[in-house]
Structure formats: structure tokens, C-alpha cells
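Structural features, examined
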Amino acid sequence: MNLLTYSILFYIREPFLPIKGSMHFRIDHIAKTLSQIPKVFIVPRNQNAQLIVRKYSSSKVFKTLTPIPRFPNKSKLMLVTLFGMETLFKMNKIIKENNVKTIYSFGPLASVSAYYSRLKTPYIIDLCETDLPYVKLSMHRSLSKIIGIPTEKFILHTMTETNSKLVVLSKAMMKYLSKQGFDKNRIIVAYDGTDPKLFNIIDPSEKKEYSIVFTGDIGERDGVDLLIKAFSLITKEISKAKLYIIGEGPALRKIKRLTEKIGINNRNIVFTGWISFPRLVKILPTFYIGVAPLKPVLINDLIIPRKVFEFTAAGVPVVASNLSAIREVIKNNITGLLFKPNDEEDLAEKILKLIDDENLYRRIQSNALKIANTYSVYNETNKIINELLNMYLS
């Protein structure tokens, strides 16, 4: 086979936002590997994703596909900022005219294009940045209108016809999707890990305060209100304990009002907003305990928040909700502590247990570092790359 005549199309659905976490390592590692293939088209949804295109492009970066330009033989990457039916037809044209053999997509749009191309192009859909509508795979209602049937049924059909696959964040999500009719053999589990080498681990004896940290989006299902209530109980035992809330979201104002209502001293709690990922890498190891207080709703039972992997990599023992996906990584009293979901008293008790028992703290810190290395972003992303290259080379 002459690989010079074939292409891979890489479609990034989500914005490329490194300030909010380590997802960009996953995208970056895949793009770096794919850029070594003679013709790779990277198609981000919007301009935030241009960073990765600029990094690996060997030719001009096109902001739109109007009109679709002719690409030189050395071209590796291409940028699409449009979305909807117009993008669908343009991607379809890319697939036909450039002999695209494999598609890697953050979202279902590329699979639709593959089917419309009538080339039966195999694809991999990555549900890395997922939410409940994506777990149910009722993706993009507008696309359902375009193709005339529910998107999940369409993907089930095209996956079989094109020998394609899905990437999910946990075994729990794979089990859920298999109940919806998806073949387990067509599902790749790739945990959403981080790069442990970025963090400088600090011995617990050198940490200056009993600081508890939450990072990430602040929505109703993220359980920050539960953490605030638990922290109010903790301050009754340890008056100098501090809680850091790093992130923003639709529930932030409600959380701040709850803090005032409960009467937590402003000296005990800090709301930082979003901070850059390089800054987070530096300060995260200084915290004493990390918390992932997810509420017991379906989506939370199927995902492992990225913060869990970042805490373990930073040498910060985790206290997390006892939910199906989280249990795949956090083993109670071994790699972290699990608390009863929606139970602030149990959450407070588990945090105080880690503070009071230094031997337990050190054991969990050591075991968690091994987990962080096992599920590093590179190990997990290589699973996707290997599947993608198998499709490309077959």
C-alpha cells in the first residue's frame, strides 16, 4: 500500500482550552503522532482549537473552507471553523476528494460525513468531553434532523457497516452503552489521565496547612455545595483548615451564598476562579487533600473526573464519591477514600480521617502515584492511536 495516497481526518468537537485542565495532552499527543503520517487533516470546531493546528501544521492554516482550497502534497493539516450542515457537506467533500481512509472525531459529525461519502470510511468517535446527552448518544439534534433518524441509531448502524469504534472514559460507561445495543468489542476504554511527570511531589510533613482543594466546573451535579457543608463541620474540629475552590460554573453564585449562610469565615475559604494549567501544576502538590464530591446522577456514575487523575499525580490523596466509574481507579483505603454520595457528614469524616492518620495518608499517596502513572495520558491515548493506526494500515 502506498500510504502517501491516503489521509486521516481528525475532527475536534470541543474547544481547545488548556487553562481548564489536561485534556489538551490527549489531543496534543494524538495530533503529534498523526502529524507524522503523510496527509492528516485536523478539523477543529472553533478558533480556540487553532493552537494545536498551528503547532503541527507544515503549511498554511485555513480559517474557513470557503471555497475549499487545493492543498499542496506536503499539506498535513486543515482547519474548519464552521459547524452544521455546511460543515457536513464540506467535510464530505474533503473525504471524497482526498481519499480519507480513517476518521478520528470528538463527536459524531465525522461519522455522518463518512457515511454520506458512501466510501464506508471507518471512524473512531471519542467521548472524552462528555455529558449526559453524549452518554445517551442522542447527539446533535440538528444532525438527527439532517439524517432523518436519531443519531444513536444512525451511529449503531454505521459502526457495524464501517467497522468503526467508540472511545469512552470508563468501564462503567462501556457497560452502559452495551446495554443500549453497542458491541463491547467496538468500544475502547481510555481513561482521561494526565502527565505525572509535570508534578513535583511534596512530602506531607512539608505541607504548610491542612488545605482541601476542589478543581473544575462548578455545576449542580459537581457537589460543591456538599463540600461546603462538610467543610463547615471540619472547621469545628480544625479551626485553621482551609478550602480552595478552583474553577467557575453556573452554580458558583449559589455556592458563595451558601458559604455566607452557613457562616464560614472568609479566612477559611478561597475562591480563585479559573487559573492557568501551568499554574495549577505548580500549586496542586501543595494542597493536603483533593475532593471529588460528585452527586449520584447517571452521568457521574459513568465518568471519572479529570481532577481525580490530577490529584493522584500531584501526590494529593483523594476523597471521592463512591460511584461506579470512580471505583475503577479509587480503591477505598488503598488509592483514596470513598464517601457515601450526598452525605456531608461522611465526607467530613473521611477528610478528617486522612488528616488524623499520617500512615494512612502516606500509604494512599504512594499507591495513588502508581495509579497516576498506570493511567497516564500517554498510556491511555496510545490505546486510541494504536486502534487508529490499525484502521489506517489495514
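Structural data are supplied above this passage.
Keep in mind the model is a prediction, meaning the values are calculated, not measured.

Across three bridges, the pairing between strand S10 (residues 289-292) and strand S11 (residues 318-321) is parallel. Looking at S11, one finds that Ala292 is bridged to Ala320.

This part takes up unusual backbone geometry. The phi dihedral of Asn163 falls on the positive side, at around 60°, and the residue is not glycine. Examined against the element boundaries, Asn163 turns out to sit in the loop between helix H7 (151-162) and strand S5 (165-168). Even without a glycine there, the phi angle at Asn333 is positive, about 70°. For Asn333, the position within the fold is in the loop between helix H14 (324-327) and strand S12 (337-339).

Here the focus is the nonpolar core. Counting 59 residues, the largest nonpolar core has Val168, Met173, Leu177, Leu284 and Val329 as its most contacted members. If one sorts the elements of this core by residue count, helix H8 (residues 171-179) sits on top with five residues. Contacts of Val329, omitting those with residues within four sequence positions, involve Tyr191, Ile304, Phe309, Thr335, Ile371 and Tyr375. Val224, Ala251, Leu347 and Tyr361 belong to the second-largest nonpolar core, a separate cluster that totals 35 residues.

Here we take up the sheet that holds strand S9 (residues 269-273). Read across the sheet, six strands follow the order S9-S8-S7-S10-S11-S12 without closing on themselves; strand pairing throughout is parallel. Each edge of the open sheet is held by one strand with a lone partner, namely S9 and S12. Between one strand axis and the next, the sheet turns by 20° as a mean value, whatever way the strands run. Bridge count between strand S7 (residues 211-215) and strand S8 (residues 242-246): five bridges; the pairing is parallel. Across the sheet, the residue bridging to Ile212 is Leu243, located in S8. Here helix H9 (residues 224-237) sits on the sheet and contacts S7, S8, S9, S10 and S12; the angle it forms with S8, its principal contact strand, is near 165°. Sheet strands touched by helix H15 (residues 344-356): S7, S10, S11 and S12. Its angle to S12, the strand with the most contacts, is close to 160°.

Below, the discussion takes up the side chain of Gln365. Along the chain, Gln365 turns up in helix H16 (residues 358-374). Owing to a relative accessible area of 9%, Gln365 belongs among the buried residues under this scheme. Aside from chain neighbours lying at most four places away, what touches Gln365 is Ile201, Ile202, Pro204, Lys207, Gly315 and Pro317.

Another point: the environment of Arg267. Note on placement: Arg267 falls in the loop between helix H10 (252-262) and S9. Put simply, Arg267 and Ala241 are 26 residues apart on the chain and 9.4 Å apart in space, counted from C-alpha to C-alpha.

Attention now goes to the pairing of S7. Burial analysis of S7 places five of its five residues in the buried class, the great majority of the element. The alternating pattern of S7 places Ser211, Val213 and Thr215 on one face and Ile212 and Phe214 on the opposite face, and all of these are buried. This β-α-β element, S7 to H9 to S8, shows right-handed connectivity. Relative to S10, S7 runs parallel, the two sharing two bridges.

When H8 is considered as a whole, its buried residues turn out to be Ala172, Met173, Met174, Tyr176 and Leu177. For H8, the side-chain oxygen to backbone nitrogen distance between the N-cap and Ala172 is 3.4 Å, and the N-cap itself is Ser170.

So, about helix H17 (residues 377-393). Taking 1.5 Å as the rise per residue, H17 with 17 residues should run 24 Å; its terminal C-alpha atoms sit 24 Å apart, in good agreement. Within the span of H17, buried status applies to Val377, Glu380, Thr381, Ile384, Ile385, Leu388, Met391 and Tyr392.

Evaluated as defined, the whole model comprises eight salt bridges. In this structure, Lys295 engages Asp225 in a salt bridge whose closest nitrogen and oxygen atoms are separated by 2.9 Å. With Lys295 in the loop between S10 and helix H12 (298-302) and Asp225 in helix H9, this pair connects stretches of sequence that are 70 residues apart. Of the two residues, Lys295 and Asp225, both sit in the buried class. One salt-bridge network, in which partners are shared between bridges, spans Asp203, Glu358 and Arg362.

Turning to the packing of H9 against H15, a few remarks are in order. The geometry of H9 relative to H15 is characterised by a closest axis approach of 8 Å and an angle of 50° between their N-to-C directions. Our classification of the angle between H9 and H15 gives oblique. Note on packing geometry: the crossing formed by H9 with H15 is right-handed. Between H9 and H15, the residues in contact are Leu226, Leu227, Lys229, Ala230, Leu233, Ile234 and Glu237 and Glu344, Glu345, Leu347, Ala348, Ile351 and Leu352, respectively. Looking at the contact of H9 with H15 residue by residue, the classes come out as nine nonpolar, no polar and four charged.

Conventions adopted
- Residues numbered from 1 in each chain as written.
- Predicted model: local features only at pLDDT ≥ 70, side-chain atom pairs only at ≥ 80, totals over all residues.
- Heavy atoms only, no water.
- Pairing = 2+ DSSP bridges.
- Helix = DSSP H or I, 4+ residues; strand = E, 2+ residues; numbered from the N terminus.
- Core = buried A, V, L, I, M, F, W, Y, C linked by side-chain atoms within 4.5 Å.
- Buried < 20%, exposed > 50% of the residue type's maximum accessible area, 1.4 Å probe, protein only.
- Contact = heavy atoms within 4.5 Å.
- Axes fitted to C-alpha atoms, helices over the stretch in contact; angles between N-to-C directions.
- Right-handed = clockwise from strand over helix to strand, strands pointing away.
- Polar contact = N/O pair within 3.5 Å; in protein donor to acceptor, adjacent residues only side chain to side chain.
- Expected span 1.5 Å × (residues − 1).
- Salt bridge = Lys/Arg side-chain N within 4 Å of Asp/Glu carboxyl O.
- Parallel < 35°, antiparallel > 145°, perpendicular 65-115°, else oblique.
- Left-handed = near helix turned anticlockwise from the far one by under 90°.
- Nonpolar A, V, L, I, M, F, W, Y, C, P; charged D, E, K, R; others polar.

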